[in-house]
Amino acid sequence: MNISIEMLSLDDLTDLYLFEQKNRVYFEQMVPSRGEEYYLPEIFNSRNKTLLEEQARGESYFYLIKQDNAIIGRINLVDIDKKQKRGELGYRIGEVNTGKGIASLALQMLLQTISWEEINQVDAKTTTNNIPSQKVLEKNGFQKISSHKEFYYMNGEKIEFISYRKEVEK
């Protein structure tokens, strides 16, 4: 499988918007909606420009997962705490590319790009109904650390969060 991860840039926003629009219904089956406002082009661009500013300050890193130069997913390391040397992982794969090992491969790539001297702990959170995401995390060495007591209802189903963690081995 020939994929790459590339840091988000201003030039990517139009393609990213189309990717998010195309996969919105699919994504909202697994994670809470970002809301109607997010999908207004001017709001989408404004929010992503803010993310690019975060990235420039080293507070978060936003990557696009690409195949044949087309966006097929996203993978991010956000809320980087330089004192605690930790960050939060997030990712999403477009509907037509799920079940192909892309998330797992992209996560391996991301973990190889991290400066483990600067970040030695990566946390992730998924939902109880997202078994594929749990498998991706576990395959990449993340350990389940807790289930949250807080929950929400999505599509009539009670959903809880599960937290995972990967620490660099020294």
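Predicted model only: the values in this text are computed from it and were never measured.

Caption draft 1: Representation of the layout of surface pockets in the model. Considering only enclosed or pocket space, the largest pocket measures out at about 1,300 Å³ in volume. Looking at side-chain class alone, the lining of the largest pocket contains 19 nonpolar, 14 polar and 11 charged residues. Estimated volume of the second largest pocket: approximately 180 Å³. Taken together, 13 residues form the lining of the second largest pocket, with Y61, I114, S115, E118 and I119 sitting closest to its centre. Counting residues per element, the ones that place at least two in the lining of the second largest pocket are strand 2 (61–67), strand 3 (70–81) and helix 3 (102–113). Taken together, the residues that form the lining of the second largest pocket break down as 8 nonpolar, 3 polar and 2 charged.

Caption draft 2: Quick look at empty space enclosed by the protein. One pass over the full model with this rule turns up 1 cavity of 30 Å³ or more. The computed volume of the largest cavity comes to approximately 30 Å³. Forming the walls of the largest cavity are F27, E28, V31, P32, S33, R34, Y39 and R92.

Caption draft 3: How the structure looks around the packing of aromatic side chains. Scanning the model with the defined rule gives 5 aromatic pairs in all. With a centroid separation of 5.3 Å and 75° between ring planes, the pair formed by Y38 and F44 is classed as edge-to-face. Side by side, Y38 and F44 carry an identical accessibility label, which is buried. Here the aromatic cluster, defined as three or more aromatic residues joined through ring pairs, consists of Y17, Y38, Y39 and F44. Over the face of the ring belonging to F27 we find R92, whose NZ or CZ atom lies 4.2 Å from the ring centre.

Caption draft 4: Region of the structure containing the nonpolar core. One finds I65, I75, L89, L107 and F142 to be the most contacted residues of the largest nonpolar core, which totals 25 residues. Breaking this core down by element, the ones donating at least two residues are strand 2, strand 3, strand 4 (86–93), helix 3, strand 5 (121–127), helix 4 (131–139) and strand 7 (157–167). The leading source of residues in this core is helix 3, at 6 residues. What I65 contacts, discounting residues up to four positions off in sequence, is I3, S4, I5, A70, I71, I72, G73, R74, I75, I93, I102 and A106.

Caption draft 5: Representation of the packing of helix 3 against helix 4. One way to put it is that helix 3 packs onto helix 4 with a least axis distance of 9 Å and a crossing angle of 35°. Helix-helix and strand crossings are classified by hand; for helix 3 and helix 4 the assignment is right-handed. On helix 4, the residues touching A103, S104 and L107 of helix 3 are V136, L137 and K139. Class assignment of the residues belonging to the contact of helix 3 with helix 4 gives a composition of 4 nonpolar, 1 polar and 1 charged.

Caption draft 6: Quick look at helix 2 (residues 41–56). Here helix 2 contains 16 residues, and its C-alpha end-to-end distance of 22 Å stays within 8% of the 22 Å for a straight helix at 1.5 Å per residue. As for helix 2, its buried residues are in contact with strand 1 (4–7), helix 1 (13–27), strand 2 and strand 3.

Caption draft 7: Here's a closer look at the pairing of strand 2. Counting buried positions along strand 2 yields 5 of 7 residues, so the element is predominantly enclosed. Examined bridge by bridge, strand 1 and strand 2 share 4 bridges and lie antiparallel to one another. Within the sheet, the bridge partner assigned to M7 lies in strand 2 and is Y63. As paired strands, strand 2 and strand 3 are joined by 7 bridges and run antiparallel to one another. Across the sheet, Y61 pairs through a bridge with L77, a residue of strand 3. What sits between strand 2 and strand 3 in their antiparallel hairpin is a turn of 2 residues, with D68 showing a positive phi close to 50°.

What counts and how
Residues numbered from 1 in each chain as written. Predicted model: local features only at pLDDT ≥ 70, side-chain atom pairs only at ≥ 80, totals over all residues. Heavy atoms only, no water. 1 Å grid on protein atoms, 1.4 Å probe; cavity = no way out; pocket = protein on both sides within 12 Å on 5 of 7 lines; lining within 4 Å. Points joined across faces, edges and corners; volume = space filled by probe spheres on them. Nonpolar A, V, L, I, M, F, W, Y, C, P; charged D, E, K, R; others polar. Helix = DSSP H or I, 4+ residues; strand = E, 2+ residues; numbered from the N terminus. Phe/Tyr/Trp six-rings, centres within 6.5 Å; stacked < 30°, edge-to-face > 60°. Buried < 20%, exposed > 50% of the residue type's maximum accessible area, 1.4 Å probe, protein only. Lys NZ or Arg CZ within 6 Å of the ring centre and 35° of its normal. Core = buried A, V, L, I, M, F, W, Y, C linked by side-chain atoms within 4.5 Å. Contact = heavy atoms within 4.5 Å. Axes fitted to C-alpha atoms, helices over the stretch in contact; angles between N-to-C directions. Left-handed = near helix turned anticlockwise from the far one by under 90°. Expected span 1.5 Å × (residues − 1). Pairing = 2+ DSSP bridges.

Honestly, that's just the spatial picture; any functional story needs more than this.
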